[in-house]
Amino acid sequence: MNSSLSTVPPGLAGKVVMSDDRRYRLLRSTYTTVGHPTAIVLSHSADDVAAALRLAREAGLRVAVRSGGHGLSGSGTNDGGLVIDLSAMHRVDVLDRSSRLVRVEAGARWAQVAQALAPHGLAISSGDHGNVGVGGIATGGGVGWLVRQYGLTVDHIRAVEVVLADGTAVRADAATDPDLLWVMRGAGAGAGIAVAFEIEATELRDVGLAQLAVAVEPDGETLRRWAAVMAQAPRELSTAVTLSQQDVTTAFITAVVATDSPALIRDAVAPLLGIGDMLAVRAHVVPYTELVPSAHLHANSGQMPSSTTNGLFTDMTPDAARALLAASTAPDPVLIQLRSLGGASHDPDPSSMAFAHRHQNTLVVASAFPPNDRATLADAWLSLGPYTDGAYVNFESAPNENTFARAYPGPTGTRVTDLWNRYDPDGVLRPQPPV
Ligand SMILES: Cc1cc2nc3c(=O)[nH]c(=O)nc-3n(C[C@H](O)[C@H](O)[C@H](O)COP(=O)(O)OP(=O)(O)OC[C@H]3O[C@@H](n4cnc5c(N)ncnc54)[C@H](O)[C@@H]3O)c2cc1C
């Protein structure tokens, strides 16, 4: 055992995984990043999390927090530090069916949440991937398949159970600790370790799922037509677009309609058929669980190294559309994904929580892959950055001060900083890249 951890407390016996443990290989890394932590603490309770924080402090080890391990910056692991892994905390309980109040532990994956809620006819909009963890999404935002119908995941958090950096366990709701609740809904990573959330789910069983492939005109007008359709679309319709280079640039559109009525699904999707030359269309009614399926669940081994950044677009101007197309067709292209916003995601008052972006209409995510990912992305972003109006903290692989300013603009950033300093004065949990 590493000498710096020679005093593992009895409560953590069997839960501290070090490099000589055969579990280490499967626990050291995240989705994007291979880590070499000194120890991983498999926490089963808030007490374990507090004990892990104490252990790290006593041993002088830097802390990384991990729920699902899908964070793009790899901050769910580190080199030489201590990882607090919450994956054993994955309970999902319906607290009150009539008010649709659900308690979800932070280490659950969204596929597990969808599976657990389906028998109750409930769902929580999360993200597009079933292996992503509750902790990362529900402390950052949560732009999911139902974003225009339901809003973001954070919009429906009513209370959060947190272990603060000094090991104190608290439950914050609007009455008991409104400041902690405010900061945990969008900037939670720097305030405390969330162990569970109370979230208001929505009534949902089946949804319409349509997959369209559209040839994109070289001047980007197809993207403008997509944005125009989404601006008029019913809230039930949320779409995600991936630009891909086939013989022609193709927009692969996934459209989710939050209803099981074939007629409403047809009506919602029909305007999309007019945005360009359709290469393929498929539509069906599927259970919500199929959008974040259990088949997504997997161990993380650093299998997807990449560089990712993002920006929020308010308007899809001709220049913005052209710039998006140029980035995806450059000799060193980046992968461009667009997510429709609007609808319910615009409902909350921007000052009501740390996720303040409530007027932008499109989330643009750009990714590049090794070996030249950083340079490729930086180059592409030079031409896309000017069209952005803020950013979403969770789609950023190299967060820095600039990311903070874009994710938490103006008074939001001031309040986030104040609250991070109040709840974690030593900056033990301050988000940082794994260096
Ligand atoms: C394939 C893929 C698809 C994605 N799709 C979407 C999507 O559709 N919509 C969307 O909104 N986002 C999406 N994301 C981004 C996602 O929101 C973030 O990556 C998120 O941080 C992942 O959560 P996690 O718990 O898996 O992360 P982890 O890697 O476990 O954690 C990342 C960081 O988040 C913070 N954090 C995690 N858990 C806690 C906690 N319990 N308390 C306090 N802080 C915590 C910590 O700083 C931690 O280091 C996607 C990412 C990937 C890789």
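The shown structure was predicted, so the numbers you read here are calculated from the model rather than taken from an experiment. (Residues numbered from 1 in each chain as written. Predicted model: local features only at pLDDT ≥ 70, side-chain atom pairs only at ≥ 80, totals over all residues. Heavy atoms only, no water.)

*Asks:* What should I look at first to understand the overall build of the chain in this one?
*Replies:* Looking only at helices and strands, the chain has twelve helices and 18 strands in total. For 435 residues, the compact-globule estimate of 2.2 N^0.38 gives 22 Å, and the chain sits close to it at 21 Å. If you line up the chain on its principal axes, its C-alpha atoms span 65 × 50 × 45 Å. Across the 435 residues in the chain, those meeting the buried criterion constitute 57%. (Helix = DSSP H or I, 4+ residues; strand = E, 2+ residues; numbered from the N terminus. Rg over C-alpha atoms; globule rule 2.2 N^0.38 Å. Buried < 20%, exposed > 50% of the residue type's maximum accessible area, 1.4 Å probe, protein only.)

*Asks:* Where do I start with a nonpolar patch on the surface in this structure?
*Replies:* A surface patch of nonpolar side chains, amounting to about 220 Å² of accessible area, comprises Met304, Leu335 and Phe369. Tracing the chain through its elements places Met304 in the loop between strand 15 (277-287) and strand 16 (307-313). Classification of Met304 as partly exposed rests on a relative accessible area of 32%. (Patch = residues over 30% accessible without salt bridge, like charges linked within 9 Å, V, L, I, M, F, W, Y side chains within 5 Å. Areas by Shrake-Rupley, 256 points an atom, 1.4 Å probe, with all protein chains shown as cover. Salt bridge = Lys/Arg side-chain N within 4 Å of Asp/Glu carboxyl O.)

*Asks:* Please clarify how the sheet that holds strand 17 (residues 335-340) should be interpreted in this entry.
*Replies:* Adjacent strands of a sheet pair through backbone hydrogen bonds, lying either parallel or antiparallel. Strands sit in the order 15-12-14-13-17-18-16 across an open sheet of seven strands; the sheet is antiparallel. At either end of the open sheet lies a strand with only one pairing partner, and these are strand 15 and strand 16. Strand-to-strand twist of the sheet, defined as the mean angle between neighbouring strand axes without regard to direction, takes the value 15°. Of the strands in this sheet, strand 12 (206-215), strand 13 (237-245), strand 14 (249-257), strand 17 and strand 18 (362-368) touch helix 7 (residues 221-232), which is tilted by about 170° from strand 13. On top of the sheet, helix 10 (residues 373-384) reaches strand 16, strand 17 and strand 18; it is set at about 15° to strand 16, its chief contact. (Pairing = 2+ DSSP bridges. Axes fitted to C-alpha atoms, helices over the stretch in contact; angles between N-to-C directions. Contact = heavy atoms within 4.5 Å.)

*Asks:* In this structure, what is going on with the pairing of strand 6 (residues 101-105)? I would like to understand it.
*Replies:* On a regular strand, one side chain projects to one face of the sheet and the next to the other, so that they alternate. Strand 6 sits mainly inside the fold: five of its five residues count as buried. The side-chain alternation of strand 6 yields two buried faces, one formed by Leu101, Arg103 and Glu105 and the other by Val102 and Val104. Where strand 5 (residues 92-96) meets strand 6, four bridges bridge the pair, whose relative direction is antiparallel. Across the sheet, residue Asp93 finds its bridge partner in strand 6, namely Arg103.

*Asks:* I tried to follow the domain arrangement of the chain on my own but got confused; where do I start?
*Replies:* It is common to report an interface's size as the accessible area lost on association of the parts. Assigned domains within the chain: domain 1 (13-85), domain 2 (92-203 + 413-423) and domain 3 (206-287). With centres defined by C-alpha atoms, the gap from domain 1 to domain 3 works out at 41 Å. (Domains from an automatic or database assignment.)

*Asks:* Explain the nonpolar core to me, please; I cannot follow it from the model alone.
*Replies:* Where a protein is soluble and globular, its nonpolar side chains tend to be buried together. Counting 90 residues, the largest nonpolar core has Ile84, Val104, Val113, Ile124, Leu180 and Phe197 as the members making the most contacts within it. Considering each element in turn, this core owes the most residues, eight residues, to helix 2 (residues 46-59). In this view, Leu180 contacts Val162, Leu164, Val170, Ala172, Ala191 and Tyr423; residues no more than four positions away in its chain are not counted. (Core = buried A, V, L, I, M, F, W, Y, C linked by side-chain atoms within 4.5 Å.)

*Asks:* How do you make sense of the sheet that holds strand 4 (residues 82-85) when you look at a structure like this?
*Replies:* Read from one edge of the open sheet, four strands run 1-2-4-3, paired in mixed fashion. Lying at the two open borders of the sheet, with one neighbouring strand each, are strand 1 (16-17) and strand 3 (63-66). Both strand 2 (residues 39-42) and strand 4 contribute to a ladder of four bridges, which runs parallel. Each bridged residue has a counterpart across the sheet, and for Leu42 the counterpart in strand 4 is Asp85. Packed onto the sheet, helix 2 meets strand 1, strand 2, strand 3 and strand 4 and runs at close to 175° relative to strand 4.

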